[in-house]
Every structure is written in C-alpha cells, then in structure tokens.
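Examination of the molecular architecture
Below, each chain spelled out in residue letters.
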Amino acid sequence: MTGDQTYRRADGGAIDRSRPLSFQFDGRRYRGYQGDTLAAALLANGVRLVGRSFKYHRPRGILSAGPEEPNALVELRGGARREPNSRATVAELFDGLEARSQNRFPSLSFDVLALNGLLAPLFAAGFYYKTFMWPAAFWEKLYEPLIRRAAGLGRASGLPDPDRYEKATAFCDLLVIGAGPAGLAAALVAGRSGLRVILAEQDFALGGRLLSDRRWIDGRPAIDWVAGVVDELGTMTDVRVLTRTSVIGAYDSGTYAAVERVADHLAEPPPFQPRQRLWRIVARRSVLAAGAIERPLVFGDNDRPGVMLAGAVRGYLNRFAVRPGARAVVFANNDEGARTVADLAAAGVAVAALVDPRPEAAAETRRIVEAAGARLLRGAQVVRARGGTRLTAVELAGVAPGSGIDPVIPCDLLAMSGGWNPTVQLTSHHGGKPVWDATIAGFVPGTVPPGMVVVGAAAGHFILADDLAQGAQAGAAAAQALGVTAAPVPGFSADPETAAILPLWRVPGARGKSFIDFQNDVAVSDVALAEREGFRAVEHLKRYTTLGMATDQGKTANVNGLAVMAELTARSISETGTTTARPPFTPTALGALAGHHRGPDFRPTRLTPGHDWAAEQGARFIEAGAWMRAQAFPQAGDADLQATIDREVLAVRQAVGLCDVTTLGKIDLQGPDVAEFLDRIYINGWKTLAVGRVRYGVMLREDGFVQDDGTTARLGPDHYLMTTTTANAGSVFRHLEFCHQVLWPDLDLRFISVTEQWAQYALAGPRARDVLAGIVDPGFDLDNAAFPHLAATETRVCDGVPARLFRISFSGELAYEIAVPARYGDALARRLMRQGADHGITPYGLEALNILRLEKGHVAGAELNGQTTARDLGFERMMSTRKDYIGRVMARRPALLAPDRPCLVGLRPVAATATLSGGAHLIARGAVANAAADQGHVTSVGASATLGHWIGLGLLANGRARWGEIVRAVDPLRGQDTEVEIVSPLFYDPEGKRLHA
Amino acid sequence: MSGDCFSIFTLLRQAWTGQGGLKPMWREPEPKSAYDAVIVGGGGHGLATAYYLAKEHGMSNIAVLEKGWIGSGNVGRNTTIVRSNYLLPGNIPFYEHSLKLWEGLEQEINYNAMVSQRGVINLFHSDAQRDDHVRRGNAMRLHGVDAVLLDREGVRQRAPFLDFDHARFPIHGGLLQPRGGTVRHDAVAWGYARAADRRGVDIVQNCAVTGIRVEAGRVIGVETSRGLIRAPRVGLACAGNSSRVAAMAGLRLPIESHVLTAFVSEALKPLINTVITFGAGHFYISQSDKGGLVFGASIDGYNSYAQRGNLPTIEDSCEEAMALIPALGRLRLLRHWSGIMDMSMDGSPIIDRTPIAGLYLNAGWCIGGFKATPASGWCFAHLIARDTPHPVAAAYRLDRFATGHLLDEAGTGADVTMH
Ligand SMILES: Cc1cc2nc3c(=O)[nH]c(=O)nc-3n(C[C@H](O)[C@H](O)[C@H](O)COP(=O)(O)OP(=O)(O)OC[C@H]3O[C@@H](n4cnc5c(N)ncnc54)[C@H](O)[C@@H]3O)c2cc1C
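Note that the structure is a prediction, hence the values are computed from the model and not measured. (Residues numbered from 1 in each chain as written. Chains lettered and ligands numbered in written order. Predicted model: local features only at pLDDT ≥ 70, side-chain atom pairs only at ≥ 80, totals over all residues. Heavy atoms only, no water.)

The next point concerns the sheet that holds strand 22 (residues 391-397) of chain A. Backbone hydrogen bonds are what pair the strands of a sheet, in a parallel or an antiparallel way. Residue and element names in this part refer to chain A. If you trace the three strands from one edge of the open sheet to the other, you get 21-22-23, paired in antiparallel fashion. The open sheet is flanked by strand 21 (381-387) and strand 23 (408-410), the only strands paired with a single partner. This sheet shows a mean twist of 25° between the axes of neighbouring strands, independent of strand direction. The pairing of strand 22 with strand 23 spans three bridges and is classified as antiparallel. Looking across to strand 23, one finds that Ala393 is bridged to Pro410. (Pairing = 2+ DSSP bridges. Helix = DSSP H or I, 4+ residues; strand = E, 2+ residues; numbered from the N terminus. Axes fitted to C-alpha atoms, helices over the stretch in contact; angles between N-to-C directions.)

Here's what the structure looks like:
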C-alpha cells in the first residue's frame, strides 16, 4: 500500500480531508479525498505515468484538469461496468474506485508496442494509404487485423450495461451554459429578473476557473463570492442548477441536449436512480459561458509525463491541494506564466525558471519570479523535454550565451501555456464558423445559433471583472428581450490582471517529436507532410493526419495544428480557417442517448384486450409489428406446432374457430362526403354501398402500386368503418389524413383511428351461426336472408353490450366478425368459448389464419409487398373506369401494364409429400438456374391440412396464362429445387359456397 | 502530373530521408477556359468518373470542378458500408460490378483504401422478414453473387454481443454477404483524385458551378465562381446538391433532399468484426480500423439542405443501437455529423442523359451511394464518352418514373423516409 499522498499539500483546497477514500490504479492501492478527481489523487500519490498514446504507445501523463484531457485515459470500473477511455481528469474519486491503464502490453511501464515509436518515420501521417497493398490478399488476412489490434484504446466490456438511463425534457427562458464567473453572473441577474433559468455546469462544483485560481471579487476571495451566488440561486424557485451536466449539443429551434451524470461519482447508482439522465432543454434564449481551454506549447517531446498545462497546474495546487511536481519550470507566451510561478511558490514547489519567449517582461512578473526564487528567462524557449516515463529536465534555446545559465534545467514538472482557446464548439453546431481574433490569438464565435449570446472567456474576454460584467449584462438583456423588466446589473470589482500574448505555434529548432495532437500522435512533422502532399485544406489536414479526431476532438490540438499549417503555407490563420465542431461537445454514453429504450422496452408492446384470455388458452405469442399476437394455441396432445396448426385449421373447416383480429386497423369515418372520399381512395366504387353492407376494397399508392386491402362497412347513412391490414394500419391512416388535409380539404368528413377502442373476433366455421345465436339479442335474425354474406350492423350482444357485427370471411367459411368496446374484449372471448363449447369451438392463431387464407388464395403481406399492382394480384376488374382514384393514372404506366409482369398464381408441389419454401425463385423446367431464367418467386407457403399437401402462392411472369404448367421452385440458399405445378390461387371451395352457407 | 508510384521501397526511402521527396497527391491547377468534358462535383462519383474517363476512354483533357475541397460531401461523411446484396435484376449486376471493382481497387489506383471484406449481415426478426431476405439472397445467388442464410445460432457465433435474450424483436437469423464490408471513405476520394491527376485530369477545388450554359438545346459549358468554363459535355455528380445544380439547367429532378446522420464512438479495441444491420429498425454498425464504432440509421424525414441532424433522430438511432447491442451503453458517442441525401422516388439512382444534349446526370443515390462509387464512375464515364448507357446501368433511366420501370427495392413507393 503506497497511499502516502506525498504530494498532497498540508492544507487548503476544496477537498474534504475528513473523508479519505481508497482506490486502485493498475492493481495498486492509493488514497485520496472526497472532492478529488482521479487525476488529482494520482498526482497526490506521485503517479505520473497514466497512459499510452494511440499510435506510438508513448508514455503519457496528465496534461489537463478537465474534459479536454487527451492523455490520461483509463478503464474505469470493472466487469459489465467497465468504461474504457475515461478521462482521469474528470472522473470523481469514490471509495473503492478501480482504474486501469489501457492500450499497453504487457504493462504500462513496459509496453512492447512502443516499438512503433521507433518506426515513427515510416508510420507518418497517411502511411496506411500508401502501404499494406502488397500482396493484395494480405490486407484482410494480416495487415488489417494487426492494425486493428494495435489501434483502438480501451476495451469494451462486451457485456450488457447493467445501469439504467432516463430522459427528461425541460423548458426555460434562459439556459446558461457554464457556471464560471460569467455564467454565474448571468444566471444571477436573469434569476433576479424572474426568468425561468437553467444553469448547467459540467463540473461537480460551481465556479469554473475561480475554483482553480486565487482570485478576488468585490474584495473577498472569489470562492466566497461563488458561495454567495450559489446560495442566492438556491432560493430562486424558477432557477434550476444542474451540476455534473454537460451541454453536448445545440440543435434546431432552441433545443439543447445535456447529459447529467447522476451517479457517476458513486460506485453504483443508488436504488431507483439512473446512472445518467439526458436532458432535452428547450430554451428561448441561451448564454454560452463555457470558458476557454488552454493550449499546449509545441516543442520536442512535449508529451513527456510531467509536462502539464499551466492552468491545470494551478488547479491541482489550489483546488485539489496537490503539488504536481517537486521542481518546476514554467514556459508561457502570455501573462499566465507569472501567476503560475506565484501559485507554485506559494504551494512550496521549487520553481527553477519562468521561460517566456517574449523579449520584455512586466515589472510585476519580475517581482513574482524573483520572490519565487526563480529565474526569468526572457526570449527563451523550451526546445525539448527530457525523460522517458517521467520528465527529468528541459532543454532551452535562446538563453543568452555567457549568461552562465545552463540550457538544461532539471525538473519534474513543466507548466506550459500557449494561450487560451475560447470554448466555441457549441456556437458551431448550427454551422457557424468561428473567426480569428489576433489580439487574443484565438478563434472567437462567429455566427451563433439563434437566441444564443456568448460571454466571458468563451467570447475571448480573459479579464475577470469584464467577464462578470458581461455575464450580468447578458442576463439582463435576456430578460429585456423576453419582455421582462430586468433586475439591476450589479457592478463587480476584481483583482487586476493582464492578458497579453505573443503567439508561438511551434518552437523553432525543437528537437525530437513536437506533438500537436497528443492522443493521436500527430506531430509537427505530420502536418508538414500533409502540406507537402497537398492536404492543405483544414479538413484534409484533419482527415489525413487524424488531427483533432481523438476522443478530445482536438480541444487542445486543433488551433495549434491549423496555425502550423498556416505558417507552412504562408497563409493567415483566418484564411486557413478551422474545422467544424460537431456534437457532442463531450463524449457521451450511448446509454444516455437511448434512455430506457432497450431490451423489451425498445419499443412499446401492444396487447389486445383478449391477450390474457389467449395466454390462458396456452397461446404462443409472436411479434406482429408492435402487437403481440397468438401464433397458435398448442395443446397437450399436439405432436408439434404443425399438428397444432392442422388441428386449428380443421376445426374451422369442420366446426368453428375463434380468432382475435383486434389488431387490424379500424378507421371510423363520418360525414356526408365519406362515400366520395372512399371512391377516391379505393380503386372500386363506393357510392352504391347500402347501409348495412360491407365491401372489399383495394387502395393504391400515388405511384399506382397496391397500398392495402380490407373491408369497409356502411353502418349508417354518413357513418363508415374501414379496416386495414395490421401492418398498414398506421400508413393507411396517414395516407387518408394526407389526402383529406392536402388534396381534398373541401370534402366534408371526419375520421379517426379506433383500432384500440374496439376488440374484434372472427368466428369462422360451419357452426359459427349456432354459436353466435347464443349471444345476440333474441330478436336478432341471423338467417342467411336477413343477415347475408357481406352484411354489417350495429347491435347488442351478451345482454346489452354494444357491438358491431360483420358477416365477412377471410377463411372462406361461414364467418362473422364481432367487435365490442375494448373493455368487453376479454369477456366476449370467454363468453364465445363457453357458448361454443358444445359446437367444438377452437381458438386459432396466426399460423392457422394464414393457412386458411392461403387455401382461399387471399393475398396478405408477402403479396401486398409494395411492388405489386392491382393487376398483378388479380384485381384488375375491380379497377373502376367510371371515376378517378389515387394511383389510377400512374397504374397505367406502360411498365405496369406489361403482359409479362409477374402475377399471382397458386403453387402445388408435384410430389405429394414435397414441401415449399417462401423466397424460392421460379425457374422453368430444364433451364439453368440463373438470373436470365428467373421468372418470379414464391411469396407464401404452408402445409394445408384441408388438402393434405403443401400449397403456396407466388408471383410468376405471365402466370395467369400458365395454369397447369410445371416449373421449379429453386432455393439456392437452402439447397432446394422442387417441381411445382402452376394452379389457380383458389385452392379450396372455388365457387365460394361455404361462405354463403 | 504528380506523385510517384507507392511501393514499399519508395516508402522506406521517404521514411528515412524525412519524407522530403513526397509531392502533392494532386496538382492545384488553374482551370482552363475549355475542356473536352467537365464533371461537376468532386465527390467519390465525380472523381471516379474522371479517372475512368481518362483511363478507359482516353479522355484526359477534362476537369473535375468542386465547390469546396474534394471529399467534402457525402463521400467523406458516410458509414463506409459496401455490399451488393440487392434484390432487383436492374440493381444486382451494377452493384456487383462495383464490388468487383472495389476488390481490385488498391492495385488499380495504387492507393490503399482499406477495402475490408468483413461480411455484411442483415438480421431478420420474423418469418415474413426471413422470406423476404431469402427471396433477395436467392436473387443474388442466381446472379452469381455470394449470399449465405444464417440461423439464429449462426448469427450468434459471429456476433455474440447482440441481444439474444431480452430483445423486443428477437433475432431469427440473418442474410450474410461474406464479400460485403467497409472501405475507408476519404481514401477513396483521395485515391481516385490522385490516380486521375496522374492521367492529366485537372482537379479544381474551390470552384463552384453557378450556372449551366445551354445553346440550342446543347450544353456548351458551365459558369463557375472562377469564370466560364466551356465544355461540350458536362456530367453532374453532385449527390445531395443534385436538385440545385440541375435546376441551373432548368431541370426538375424526381429527387428530394434529406438529412442523414452518421455517428462514431470513441476508439476501442476490436469488438465488432463484421457489418450488422438491424431488421427491426434501420440501424447499421461496423467498427473502423481505428477502433471507432461507426453507425447510422434513418434520415431525419424533412426536406433540408442543412448538413446537421436533430435530436429525435439522434436519440432514435441510439435507441436502436442499444436495442441491438446492450453492451454499447457505457461506450461513448464521440461525434455525429450529417450529409444531404439525394433521395430518388424509388430509392434507386439515375445515370442517364438529360433532355439537354451533352448534359449527363448521375444522382439519386439515397443513403447508399458510397458502395456504388467505382461502378458509378465506370458507367458514368461510359455514358459521357459514348453517349450511350453502360449495360449494367441501363435501368437507371431518368424517364423510368414516367414509363413505370421503377427499381423499388423495398416496395415502399415514393415515400423516401422508407428507402
Ligand atoms: C451519414 C451518411 C451515411 C452513409 N452511409 C453509406 C453507406 O454506409 N454505404 C453507402 O454505400 N453509402 C452511404 N451513404 C451515401 C453515400 O455517401 C453517397 O450516396 C455518395 O457518397 C454520393 O456520391 P458522391 O461521393 O459523389 O457524393 P459527394 O461526396 O457528396 O459529392 C458531391 C460533390 O459535389 C459538390 N458540389 C455540389 N454542388 C456543386 C456545385 N454547384 N459546384 C461544384 N461542386 C458542387 C459537393 O461539394 C460534393 O463534394 C451515406 C451518406 C451519408 C451522408
């Protein structure tokens, strides 16, 4: 156990020393405190080597203290909760945390893949594209697997994620993104003005940079000011503060996506809590106060563990009370250098030198450096960092010869600052291009999404007092813009500071590899190579070198990279431009974006009112779109599923069967123009349909192909009920809405889907009437003359339950469909079963239903496949010539009338025992089975218990003229080749006597 | 003409001489005032067309005009899936020709586009869907294309991480095309550009076509942001911008423009070794050689030229991801981006002459034109050079919407959200 925290400061910081935590990294135990990040705790324990880079497997440490971290990526947690590529700089420490280094073999300190580094000259940018081509077959067999194994970073667990996620939607007047000084000031004034405010902060604490820097606001330490603001916000009921919440995307219409890490700071989510929550925030206005991200400096071997961003160094010192090193050098091209020297010295870290490439230094800087006992090396630069897994020294250039200063300074910490990049990513999500601002040497927002205002460091303003004022102004402006009287804008004072900078994009004369994109190992030499090979456009640079494509999306790398490209091509940085930032701003767990839509809850499950009844009958259920339908009702004596199906089919043919047909789409249409409407929708005529009658109809899409079929009943003079297939219930309804709202708004009718409102059963078989007689009102005449085939009525059943009764038949038997309000659905099924017991009533499922309809040659999904015309399916005579209807003109296109189009036929295997398979293709006897001989395909098949052999439907070129011909059903996928006879699709009772019985 | 032939020897030499000898992959020529032909659009299709025009038809006094940088359109935005698992006789030979060209591409253009034939599995979740896939697989087999029917266990062996136990729509099996796979998309644009450049083709970037000059029913050239460029033959290969560019010649295309979003996760060690498509949604996923999981799903569903997608579709896509692979929950989405899709009314492309003599159209690729890149270039070049369609692209006629010779693979009609 090494948890001695040698690098922890004795006091100070925002950690809770009364709550020690224990954690493991690569199997070793350490200690930290509540309030630490994993990175802070590792540094406190003197751990410097944390990861390996992507390509060269170079040893890497901790660069930053935030979400921009490119190097310190670890596998967090274990088992099914393993999270690869987790940034140690934002992972909150909890007791028992386990982390492992990744992308190394066999161990972090000794990684054989670091050999790649020796081959670096060959593995330069774009090397894949020019190599691995010889010999051709070796790519997939050898090179690609090797590359794939070496690439990638962490390992996925491969196990289902055990945690839950949820989604929430929130509406607000003002969304403030970032709770640094500017964001807090904005939220404060907006809140005081009475706006509904959401303040989102990715950190677990509010304050932004104020947590890391020793600053003063209004005469008191900045963190006290923060505490005061937080308290006041807490009293405002319309202000919601979301910590641990990253706003990841700006979408259209003021919609923002944010992810709240509800339980990532705990070992496991507490009971009933999600791990993370996705917020869809719809905001009338937004203030982007997301701060800025510091830039590394680009010099030789600048990736050595111990080379750290200066702002991060201050964060570790001040917020986490950790000394990231024992002896430091500070290298900065801007005024942050002096601040860093001061903080290091205050924390007791020896500071050897402040290296500043600028020729002049302010008096204040000189004073600070002197007080720290350090040297101020003006006009100097670090050209190389020394050390392997740990920084040991830096080499300098520009040190005046004869000054007596050794150009090699031993140190274990280099704090560097190349300036700051405003965090403008969210401003680009609508396509806005950031613009170059030479005074700060950074990109500032260009066109921003509608309703957004950018303030503070995110807008390129680095003076604290200004940031506070800007934030407050933005809060007030939001109120005014929304027509609310703004609360007064307070005046703020802060300790003085300067923010001068002299851009330094790469250190001239650097020795060793100068990295720009640490994680992806993109160095200055790669940018130079891209330039030579013509990849000068920034997007080409990015794609060719992978600059900015790592898990940090180039947050520390992009600007350095394109600035180097600008230098190499002698263009300005504005001319060179920048790549487009894409959501999400921070890598986001896919689980959060999916919410609870996974496993059985991926999509809603629709159950019919008779579901429980069917289950009690032993039904096997199967998915039918969103519905669960009974596939069959196996009984103890059935040998197998086929036996069950046979039994159910024969019961319908010989006695009576009961089938739940609730899932068919039902659309209730009312109004004087319904008949006209139906006339335009269906290919056949509707004006002659009498009240109390049902008619079968076929409708086409605009393009002339069949959309759906079904029956429509006329229940009253202005009242119709349409049924659709289960599969097309939604699309037909949408189609009707479109036709009514867009094409014929003048037609006087209304319609609504009532699929869910009515439970419906088919009662089919020679005994159907006998069963039905027991539940209709005593006076109701079920006689053939009184209620013939295709009759329909509204009536009552079971002593007063309102019902709709249709005499329609899909099975070809005497059959009725009875619909009752959904709440009676279960009871009706049970009552019919009781009523039919003496008649041998048998529940039947989808499989039997399918065989029954096949025997009658009725088309279903496989024939109504969207590629068939009414002619193809044998409905040509239904196509009215006396009226217009949707699809009529397009159905007359020459190719749709071609005589050799595949059309519906019946198929019967020549050998009585042969089986058929759906999806087989139809080929002439004796022909070679190839594409040229392909004449159609088998759509639906089944074993007909009624006929004692297999039957099928198919679509065959010129099929109607070929009855009696023998062709082959060829199924190369399953190695089948079966002779079949082309027959009429009407296999059973072709005269239709039974349904009129 | 620039660029040496890449061989292991030139690379080694470059490596240890500081890469100083490498030259631009393509020149940056000033556009000439006239060419024998110009191709509008420096995406995969335009660049491939130029290459094959030069290589197969000896036309090298030609130019590709690109409004931005080459590869800035859909060729650099797609999910990189290539396959030829089509159903209709008008489609299979074309896509199979494309797959064969992919198979020889690296040697052909001396550029490694990382053609990776790791197999494409289309899952099915019901008996009806199985029959549909069988019909398609059999059509492929009859055309001499590889297809294998997998049962549930066969799928499980290849992709054990799929949800086999708690799925809302259980996996019944899949149709596998072993020769399908992925190709590194940017490299396709660069490789064709470099190869075309070496044959003398001018690749002109930052050159937007702003008008199409027509005289007496013949095209005579294009107006561009860099001046008038004359050419007796003009080929449009503008993918998502097809409707806007064709409108410059007064043509109204049977195309709608829609947004499609692609996604990539953080890089991971190998997890998914094949390409998988979800049959109970519209989702497809593979893993890049860099380690990122690359996936996509449906178009957003409204007409747009804004190259960005919106949250409902993004959430929906991730829901499909989780429904299919529950292990994805803790893996992180790194980036999503979008392209504009040229959605044709039957889901199939158009490679044809137009009513204007000398003006040729290559468009309507919907969400699946990347796989078509080599064959599209091959056939479009043939059409431009000979003014007659190539046999494997003969079905891709512009007038098929009038004649009814539609190529509606999915049977969804003119509802582009379903293609
Ligand atoms: C997210 C997404 C995922 C996809 N996934 C796949 C997949 O997995 N498999 C697959 O096969 N296909 C896929 N596709 C489709 C495929 O990318 C496209 O169909 C194909 O790339 C289109 O051809 P292209 O490469 O020539 O297009 P593009 O690369 O878009 O080329 C068109 C070019 O024309 C240029 N242009 C436009 N207007 C003008 C003008 N006026 N002047 C000059 N130049 C102009 C554009 O700038 C552009 O560079 C996907 C597409 C997207 C967006």
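Here the narrative resumes, following the displayed structure.
Further remarks concern unusual backbone geometry. Residues and elements named next belong to chain A. Residue Pro106 is bonded to the preceding Phe105 through a cis peptide linkage, with omega at 0°. Mapped onto the secondary structure, Pro106 falls in the loop between strand 7 (97-101) and helix 2 (115-118). Although it is not a glycine, Ser253 sits at a positive phi angle of roughly 60°. Mapping Ser253 onto the fold places it in the loop between strand 13 (245-250) and strand 14 (255-260). The phi angle at Leu790 is positive, at roughly 70°, despite the residue not being glycine. By the element assignment, Leu790 lies in the loop between helix 20 (768-773) and strand 41 (792-797).

Once that is clear, we can look at the sheet that holds strand 19 (residues 350-356) of chain A. Residue and element names in this part refer to chain A. The strand order 17-24-18-19-20 describes an open sheet built from five strands, whose pairing is parallel. Edge strands, defined here as strands with exactly one partner in the open sheet, are strand 17 (307-309) and strand 20 (375-378). Taking each pair of neighbouring strands and ignoring which way they run, the sheet shows an average axis angle of 20°. By the bridge criterion, five bridges tie strand 18 (residues 327-332) to strand 19 in an arrangement that is parallel. Opposite Val329, over in strand 19, you have Ala353 as the bridge partner.

Moving on, we come to the confidence of the model for chain B. Chain-level statistics for chain B give a pLDDT mean of 95 and a share of 96% at 70 or above. In the model output, the complex is listed with pTM 0.96 alongside ipTM 0.96. (pLDDT = per-residue confidence, 0-100.)

All names here are of chain A. Remark: helix 5 (residues 181-192) packs on helix 10 (residues 464-481), axes separated minimally by 7 Å, with the N-to-C direction vectors making an angle of 30°. Regarding helix 5 and helix 10, the two cross each other, and that crossing is right-handed. For the pair formed by helix 5 and helix 10, the contact residues are Pro181, Ala182, Ala185, Ala186, Val189 and Ala190 on the first element and Leu464, Asp467, Leu468, Gly471, Ala472, Gly475 and Ala476 on the second. Residue composition of the contact of helix 5 with helix 10, by class: 10 nonpolar, two polar and one charged. (Left-handed = near helix turned anticlockwise from the far one by under 90°. Contact = heavy atoms within 4.5 Å. Nonpolar A, V, L, I, M, F, W, Y, C, P; charged D, E, K, R; others polar.)

Residue and element names in this part refer to chain B. Neighbouring the ligand are 38 residues; Glu66, Asn74, Val75, Thr79 and Lys371 lie closest to it. In the model, a nitrogen atom of the ligand is placed 3.2 Å from a nitrogen or oxygen of the Lys67 main chain. In this structure, Asn74 approaches the ligand through a main-chain N or O atom, which is 2.7 Å from an oxygen atom. Here the ligand has 1,000 Å² of accessible area as a free molecule, and 96% of this is covered by the chains. Of all the elements in the fold, those that place two or more residues in the shell around the ligand are helix 2 (44-57), strand 13 (255-267) and strand 17 (332-344). For the shell around the ligand, the element with the highest residue contribution is strand 13, accounting for three residues. Residues that form the shell around the ligand fall into these classes: 18 nonpolar, 16 polar and four charged. Two domains each put at least three residues into the shell around the ligand: domain 1 (25-81 + 185-255 + 346-418) and domain 2 (108-183 + 256-343). (Near = heavy atom within 4 Å. Polar contact = N/O pair within 3.5 Å; in protein donor to acceptor, adjacent residues only side chain to side chain. Areas by Shrake-Rupley, 256 points an atom, 1.4 Å probe, with all protein chains shown as cover. Domains from an automatic or database assignment.)

Here we come to the packing of aromatic side chains. Residue and element names in this part refer to chain B. The full count for this structure, using the stated rule, is 35 aromatic pairs over all chains. For the ring pair Phe283 and Phe295, a centre distance of 5.5 Å and an interplane angle of 45° mean the geometry is tilted. Here the residue Phe283 occupies a position in the loop between strand 14 (275-277) and strand 15 (284-287), and Phe295 occupies one in strand 16 (residues 292-303), the gap between them amounting to 12 residues. Using a relative accessible area of 0% as the deciding quantity, one classes Phe283 as buried. The class for Phe295 is buried, based on a relative accessible area of 0%. (Phe/Tyr/Trp six-rings, centres within 6.5 Å; stacked < 30°, edge-to-face > 60°. Buried < 20%, exposed > 50% of the residue type's maximum accessible area, 1.4 Å probe, protein only.)

Below, the discussion takes up the interface of chain A and chain B. Between chain A and chain B, the contact holds 121 residues from the first and 117 residues from the second. Summing the contributions of chain A and of chain B, the shared interface buries around 9,800 Å²; its carbon and sulfur component is 57%. Joining chain A to chain B, the criterion identifies 14 salt bridges. Applying the counting rule to chain A against chain B returns 64 residue pairs in polar contact (both at pLDDT 80 or more). Examining the composition of the side of chain A that touches chain B, we find that seven residues originate from one element, helix 4 (residues 138-150) of chain A, more than from any other. Pairing analysis gives two bridges linking strand 31 (residues 588-589) of chain A to strand 17 of chain B, with the strands arranged antiparallel. (Buried area = accessible area lost by both parts, 1.4 Å probe. Salt bridge = Lys/Arg side-chain N within 4 Å of Asp/Glu carboxyl O.)

One finds Leu38(A), Phe299(A), Tyr316(A), Phe94(B) and Tyr111(B) to be the most contacted residues of the largest nonpolar core, which totals 184 residues. Split by domain, the residues of this core number at least three in each of domain 1 (25-81 + 185-255 + 346-418) and domain 2 (108-183 + 256-343) of chain B. Ranked by size, the runner-up nonpolar core spans 45 residues in total, among them Ile248(A), Leu278(A), Phe164(B) and Ile171(B). (Core = buried A, V, L, I, M, F, W, Y, C linked by side-chain atoms within 4.5 Å.)

With that out of the way, let us pick up helix 7 (residues 310-318) of chain A. Side chains three or four residues apart in an α-helix point the same way, a direct result of the helix having 3.6 residues per turn. All names here are of chain A. Helix 7 sits mainly inside the fold: nine of its nine residues count as buried. All buried positions along helix 7 are accounted for by Ala310, Gly311, Ala312, Val313, Arg314, Gly315, Tyr316, Leu317 and Asn318. At its buried positions, helix 7 is contacted by helix 1 (38-44), strand 16 (292-294), strand 17, helix 8 (336-346), strand 24 (413-417) and strand 25 (420-422).

Helices that pack against each other are described as a pair by the angle of their axes relative to one another and the distance between those axes. All names here are of chain A. In the contact formed by helix 5 and helix 6 (residues 222-234), the axes pass within 10 Å of each other and the chain directions differ by 30°. Every pair of crossing elements has a handedness; the one defined by helix 5 and helix 6 is left-handed. The segment helix 5 lies against helix 6, with Pro181, Leu184, Ala185, Ala187, Leu188 and Arg192 engaging Trp225, Val226, Val229, Glu232 and Leu233. Taken together, the residues that form the contact of helix 5 with helix 6 break down as nine nonpolar, no polar and two charged.

The next point concerns the pairing of strand 16 of chain B. Residue and element names in this part refer to chain B. Within strand 16, nine of the 12 residues are buried, which leaves the element mostly enclosed by the surrounding structure. Here strand 13 runs beside strand 16; their pairing, made up of six bridges, is antiparallel. Looking across to strand 16, one finds that His258 is bridged to Asn303. Of the pairings in the sheet, the one linking strand 15 to strand 16 comprises four bridges and is antiparallel in character. By the bridge assignment, Tyr284 is partnered in strand 16 with Gly296. As consecutive antiparallel partners, strand 15 and strand 16 are separated by four residues, and within that stretch Gly291 has a phi angle of approximately 110°, a positive value.

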